[in-house]
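Residue-level listing of the chains:
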Amino acid sequence: MGRMKKEATLIINIINIDTEPKMERSLVLIKPDAMPRRLAGAIVARLEEHGLRLAALKMLHMDKSLARQHYAIHQDKPFFEGLINYISSAPIVAAVFEGERAVEVIRKIMGTTDPAKAEPGTIRGDFGLDIEHNTVHGSDSSETAEEEIKLFFNANEIY
Ligand code: IDP
Ligand code: MG
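Summarised in this report is the structure supplied together with it. (Residues numbered from 1 in each chain as written. Chains lettered and ligands numbered in written order. Predicted model: local features only at pLDDT ≥ 70, side-chain atom pairs only at ≥ 80, totals over all residues. Heavy atoms only, no water.)

1. Notes on the layout of surface pockets
The computed volume of the largest pocket comes to approximately 510 Å³. What lines the largest pocket is a set of 21 residues, among which Y71, H74, L83, T113 and H137 lie closest to the centre. Put simply, the parts of the chain that give the lining of the largest pocket at least two residues each are α3 (64-70), β4 (136-138) and α7 (142-152). Looking at the lining of the largest pocket, its residues break down into 6 nonpolar, 9 polar and 6 charged. (1 Å grid on protein atoms, 1.4 Å probe; cavity = no way out; pocket = protein on both sides within 12 Å on 5 of 7 lines; lining within 4 Å. Points joined across faces, edges and corners; volume = space filled by probe spheres on them. Helix = DSSP H or I, 4+ residues; strand = E, 2+ residues; numbered from the N terminus. Nonpolar A, V, L, I, M, F, W, Y, C, P; charged D, E, K, R; others polar.)

2. Side note on the sheet that holds β4
If you walk across this open sheet you meet the 4 strands as β2-β3-β1-β4, and the pairing is antiparallel. The open sheet has two edge strands, β2 (53-60) and β4, and neither has a second partner. Taking each pair of neighbouring strands and ignoring which way they run, the sheet shows an average axis angle of 20 degrees. Where strand β1 (residues 23-30) meets strand β3 (residues 92-100), 8 bridges bridge the pair, whose relative direction is antiparallel. Bridge pairing in β3 links E24 to G99. Contacting β1, β3 and β4, helix α5 (residues 102-110) crosses the sheet at an angle of about 35 degrees to β1. (Pairing = 2+ DSSP bridges. Axes fitted to C-alpha atoms, helices over the stretch in contact; angles between N-to-C directions. Contact = heavy atoms within 4.5 Å.)

Treat this as a map of the structure, not an account of what it does.
So this is what it looks like as structure tokens:
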């Protein structure tokens, strides 16, 4: 292939990568602090209002083993044991949402980890109580999302 043609092909490929819709899935957890405050429906609604498609939904009480697997990346952090106790303290809602760049979009709608720093209008900014009791979980990358989804849902529970 000539140099010009190679360069043209490269440019076309770059344009395609940039414009192709990136359909992703993300795991969302509505954490224990949200449930007694009757926020589950409002949180699902906020995500749906942004055009994200609900692909799976269930209520469950996480046991410590599932909690440790889900938060394994934080096992050496000082807050790990507290986090495991908290997330397994009461029933929660787990959901899979799908959409273009769903991981990034959901993280924006959730707001930053610490509710004190999260923007008003975000789920954590509006509803979060403190850095631990921050109302929602959303996967932090497409790869982690697929791993996390497998912990909570069988393939035949995802639509
Ligand atoms: P993320 O949920 O925004 O991705 P991570 O840093 O992955 O934040 O932390 C996972 C979860 O651990 C947080 O959502 C929060 O519930 C809890 N957490 C994070 N940092 C702290 C902390 O400094 N103290 C107590 N809990 C924390
Ligand atoms: Mg995280």
